[in-house]
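Now for the letters of each chain:
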Amino acid sequence: MLKTNSFVGVLVHLALMGVIVAGLIFGFFYLYLPSATNHGETISVPKITGMQLPDAEAFLEEQNLRYFVNDSSYHPEYKPFEILTQDPSPGSKVKENRKIYVSINMKNPPMIKMPKLIDGSVKNAELILKSYNLRRGKITNVPDLQHGAVLKQFVNGKEVRPGDEVPKGAVVDLHVGDGLGNTEFEVPDVVGMPLDEASVLLVGQKLQLGNIIYVPGSGKPDGTIVRQRPIADVKAKIRTGELVDLWVAGEEPVQGID
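No experiment lies behind these values; they were computed from the predicted model shown.

Turning to the overall build of the chain, a few remarks are in order. For the chain, the helix and strand inventory stands at 4 helices and 16 strands. Within the chain, the proportion of its 258 residues that are buried is 27%. Sequence-distant contacts, at least 24 apart, represent 72% of the contacts inside the chain between residues at least 6 apart. Just so you have it, the chain exposes about 17000 Å², and 56% of that area is on carbon and sulfur atoms.

If you want it as structure tokens, here you go:
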């Protein structure tokens, strides 16, 4: 009889312990844990892109949210410390105290190496500047035989060479050749010369042939230069690369006929 009572007592104790353990499990998973984690309660993520970081911080605190800066970059069109991106995106459902990961615009631009624009065209320079996040500024034409070629590059009025460090987003001004030299000399006199000899003389002095106008009935041998513009004069000056128009005695040759 004593053994039976002892066995029943053990069963009762085990049953009580099972009830207690079950109660603890139920209370932890179904009462305490949901309360501690706000189970089923979510917050809609507000839009903070475009806001200044200090303003966004205060705004998120009011929403029981936090932020973490995980990236930064520089864009001159945005204000310093302006929020560029956010994750999660606006409208997403999250729990309280969730971190919102943001990227911001830097206050000061990073320094990058100036690319080589010299000797290339303006169009090519624009493409290179864009790839380096630089901007094309003022173009100044200067006397040089390289027509349309970039001769010098400037940032804030100071000449910069390839490899020099410049701020990202900087405005780069360019000096570009106008196709004309800056050396002045007296206009050569080709009146009375045959056209072929006059052409060789002018090209040899780095001048360009302009319009060639034929003058029938001038009384001069055909192919002879009877007039030129600008005229040859001791006071007249011409620059390398400029045009010289010629008037030639005779009928204009018909192209394609021998």
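Having put the structure on the table, let's press on.
By the burial criterion, the buried members of helix H3 (residues 122–131) are Val122, Ala125 and Leu129. Around the axis of H3, the buried residues are gathered within 55° of arc, so they sit on the same side. Of the residues in H3, the exposed ones pointing more than 90 degrees away from the buried face are Lys123, Leu127, Lys130 and Ser131. Buried residues in H3 make contact with strand E7 (135–142), strand E8 (150–155) and strand E11 (171–177).

Spatial strand order, E2-E5-E3: 3 strands in an open sheet with mixed pairing. Two strands in the sheet have a free side with no partner beyond their single neighbour: strand E2 (66–73) and strand E3 (83–87). Across the sheet, the mean angle separating the axes of adjacent strands is 25° when strand polarity is ignored. Of the pairings in the sheet, the one linking E3 to strand E5 (residues 99–105) comprises 4 bridges and is antiparallel in character. In the strand pairing of E5, Asp87 is matched with Tyr101.

Under the defined criterion, the tally for this structure stands at 2 salt bridges. Salt-bridge contacts for Glu126 lead to Arg136; the nearest nitrogen and oxygen are separated by 2.5 Å. Of this pair, Glu126 sits in helix H3 while Arg136 sits in strand E7, placing them 10 residues apart in sequence. Classification of Glu126 by relative accessible area gives partly exposed; the value is 27%.

Glancing now at the packing of aromatic side chains. Following the criterion strictly, the structure yields 1 aromatic pair and no others. Where Phe68 meets Tyr101, the ring centres are 5.8 Å apart and the plane angle is 75°; that geometry is what we call edge-to-face. With Phe68 in strand E2 and Tyr101 in strand E5, the pair connects residues that are 33 residues apart, well separated along the chain. Given a relative accessible area of 40%, Phe68 falls into the partly exposed group. Residue Tyr101 is classed as partly exposed on the basis of its relative accessible area of 32%. Across the ring face of Trp247, the terminal group of Arg227 is positioned such that the distance to the ring centre comes to 4.1 Å.

Rules behind the numbers
Residues numbered from 1 in each chain as written. Predicted model: local features only at pLDDT ≥ 70, side-chain atom pairs only at ≥ 80, totals over all residues. Heavy atoms only, no water. Helix = DSSP H or I, 4+ residues; strand = E, 2+ residues; numbered from the N terminus. Buried < 20%, exposed > 50% of the residue type's maximum accessible area, 1.4 Å probe, protein only. Contact = heavy atoms within 4.5 Å. Areas by Shrake-Rupley, 256 points an atom, 1.4 Å probe, with all protein chains shown as cover. Arc of directions from axis to C-beta. Pairing = 2+ DSSP bridges. Axes fitted to C-alpha atoms, helices over the stretch in contact; angles between N-to-C directions. Salt bridge = Lys/Arg side-chain N within 4 Å of Asp/Glu carboxyl O. Phe/Tyr/Trp six-rings, centres within 6.5 Å; stacked < 30°, edge-to-face > 60°. Lys NZ or Arg CZ within 6 Å of the ring centre and 35° of its normal.

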